[in-house]
Amino acid sequence: MRLELDIALPAERLQAVYRGQANRVLLTSRDGRRVSLPAHHLRPFIGHAGVYGSFVLEFSAEGELLSLRRQD
């Protein structure tokens, strides 16, 4: 299965992850489905301003994350 996500997480919101106060990020896909994603999957995409961009999330029928990649 595949979901398209537009992520706009400013660095201030990610501070809770770095402080250990949160370990998941709640996102909404383009088709309206809500996704609770372990925050560590966003680490490769974090910049000084936070995480911004369009992403593709692929997962198995059992809900196992297969890949998360930035969409060009």
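Structure report, in brief. (Residues numbered from 1 in each chain as written. Predicted model: local features only at pLDDT ≥ 70, side-chain atom pairs only at ≥ 80, totals over all residues. Heavy atoms only, no water.)

### Some remarks on the overall build of the protein
- If you tally the helices and strands in the protein, you get one helix and five strands.
- Computed over its C-alpha atoms, the radius of gyration of the protein comes to 12 Å, within 12% of the 11 Å expected for a compact globule of 72 residues.
- Along the first, second and third principal axes, the C-alpha atoms of the protein reach 35 × 25 × 20 Å.
- Across the 72 residues in the protein, those meeting the buried criterion constitute 33%.
- A separation of at least 24 residues holds for 52% of the contacts in the protein among residues at least 6 apart in sequence.
- Summing over all exposed atoms, the protein offers an accessible surface of approximately 4800 Å²; the carbon and sulfur share of this is 50%.
- Between the centroid of the 10 positive side chains of the protein and the centroid of its 8 negative side chains there is a distance of 6 Å. (Helix = DSSP H or I, 4+ residues; strand = E, 2+ residues; numbered from the N terminus. Rg over C-alpha atoms; globule rule 2.2 N^0.38 Å. Buried < 20%, exposed > 50% of the residue type's maximum accessible area, 1.4 Å probe, protein only. Contact = heavy atoms within 4.5 Å. Areas by Shrake-Rupley, 256 points an atom, 1.4 Å probe, with all protein chains shown as cover. Lys, Arg positive; Asp, Glu negative; His and termini not counted. Charge placed at Lys NZ, Arg CZ, Asp CG, Glu CD.)

Everything listed here is a matter of geometry and, on its own, says nothing about what the molecule does.
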